[in-house]
Each structure stands twice: as structure tokens, then as C-alpha cells.
Amino acid sequence: MADDRSPARTEEDVHLFVERMAMAFAEVGFPRMAARVLFAVMSADEPLTAAEIGERLGVSAAAISGAVRYLTQWGMLLREPVKGSRRDRYRVPDNPWYEATLTKTNIYKTLIDIADGGVAALHGRSTPAGERVAEMRDFFVFVQEEIESIGERWRARRATTT
């Protein structure tokens with residue numbers, strides 16, 4: 001693992017990190033503006049307003065609103081009111097990867113339930129289509145179980161490293 005300590009922080013280096021990470025996330029289907037916002041906030045030492053995020057990214061505060069809505073829904077950003085103002089500040093929760101991964105596993109339950117109905121509609125595994133849908137359902141069951149197990153192992157590991 002790389003040494004996390006760095007002698008000097010430059011805005012150019014931070015900007016490059018934000019944009020490279022956003023591009024990497026976009027390549028796997030994550031909305032690019034949401035990724036840019038996430039990593040702009042993650043790279044800040046203090047919570048940021050939409051205007052401050054926009055300034056860091058060189059876009060308007062209005063361009064930020066959809067991204068922060070997306071990220072707050074996924075638990076990857078937290079919104080906090082600014083005292084005496086109508087503005088909000090955004091920050092990354094203590095463990096956003098855990099939050100986004102484990103708290104959204106209910107999608108697998110939904111997919112499993114729908115696939116169960118598909119298997120029944122296709123007369124179970126007795127048809128090629130029924131077999132394909134059953135295989136998909138079984139995979140989602142497996143993923144859901146594994147994510148729960150990964151979460152337990154992550155909490156244990158994190159407890160020993162923090």
C-alpha cells in the first residue's frame with residue numbers, strides 16, 4: 001500500500017485526483033457529475049456548500065443540485081444546514097462505501113422477488129427461459145448473502161485499523 005503521508009498538497013494535484021477518479025467511476029456507469037461532486041467533497045477538509053463545490057469544479061451551483069440529490073439518496077453525501085442561512089453544506093459520511101454498498105442491498109431483495117415471479121411464470125427450471133431467470137435469481141441471492149458477509153468482515157477489519 002502507498003504511503004498516505006504527503007509533504008505538499010497542491011490544488012492542481014487535488015483537481016487531477018478528482019477528475020481522474022470521476023472518469024474512472026463514469027467508465028463503470030456512475031454519473032460523471034455525481035462522481036466529480038463526490039470526490040470534490042471527499043478531497044475537502046471541511047464540508048462544502050453547493051457554491052463552493054461548483055467553484056472547485058468550475059461549474060454553476062445549479063449544476064451541482066442533481067448530483068448532490070443523487071449522492072445523498074445513496075448515502076454517499078450528508079447534507080447539513082448552515083446556521084443562520086438557507087444554504088446547506090455537504091460532507092462525506094464516516095464510511096460512505098459501507099453505507100452505499102450495504103444500505104442499498106434491498107435492491108437485491110426486490111430483484112429476487114421479481115425473479116421468483118418470473119420463474120413461476122416461466123414454469124420453473126423446466127424451460128430454458130425459466131432456468132435462465134432462476135440462475136439470475138440464485139446469483140442475486142448469493143450476492144446479497146456475500147455483501148452482508150463482506151460488511152461484517154469490513155467492520156471487524158476497520159475496528160482493528162482505526
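Residues numbered from 1 in each chain as written. Predicted model: local features only at pLDDT ≥ 70, side-chain atom pairs only at ≥ 80, totals over all residues. Heavy atoms only, no water.

Peer 1: Could you give me a rundown of the nonpolar core, with the residues and numbers involved?
Peer 2: The nonpolar side chains of a soluble globular protein tend to be buried with one another. Val-37, Val-41, Ile-53, Leu-57, Val-68, Leu-71 and Leu-77 are the most contacted members of the largest nonpolar core, which has 23 residues in total. Among the elements that take part in this core, helix 2 (residues 32-42) stands out by supplying seven residues, more than any other. If we skip the residues at most four places from it in the chain, Val-41 touches Leu-48, Ile-53, Leu-77, Tyr-90, Arg-91 and Val-92. (Core = buried A, V, L, I, M, F, W, Y, C linked by side-chain atoms within 4.5 Å. Buried < 20%, exposed > 50% of the residue type's maximum accessible area, 1.4 Å probe, protein only. Helix = DSSP H or I, 4+ residues; strand = E, 2+ residues; numbered from the N terminus. Contact = heavy atoms within 4.5 Å.)

Peer 1: Describe in detail the side chain of Ser-43, supporting the description with residues and values.
Peer 2: Note that Ser-43 resides in the loop between helix 2 and strand 1 (48-49). In terms of polar contacts, Ser-43 uses its side chain to reach the backbone carbonyl oxygen of Phe-39, at 2.9 Å. Excluding residues that lie within four positions of it along the chain, Ser-43 makes contacts with Arg-9, Val-14, Phe-17, Val-18 and Arg-56. (Polar contact = N/O pair within 3.5 Å; in protein donor to acceptor, adjacent residues only side chain to side chain.)

Peer 1: Could you give an account of the pattern of salt bridges, with specific residues and numbers?
Peer 2: Within the structure shown, the criterion is met by 10 salt bridges. With a shortest N-O distance of 2.9 Å, Glu-52 and Arg-89 are connected by a salt bridge. Of this pair, Glu-52 sits in helix 3 (residues 50-57) while Arg-89 sits in strand 3 (residues 88-91); the two residues are 37 residues apart in sequence, bridging distant segments of the chain. Across the pair Asp-113 and Lys-109 runs a salt bridge, and its minimum N-O distance is 2.9 Å. Here the residue Asp-113 and the residue Lys-109 both occupy positions in helix 6 (residues 106-121), the gap between them amounting to four residues, near one helical turn. (Salt bridge = Lys/Arg side-chain N within 4 Å of Asp/Glu carboxyl O.)

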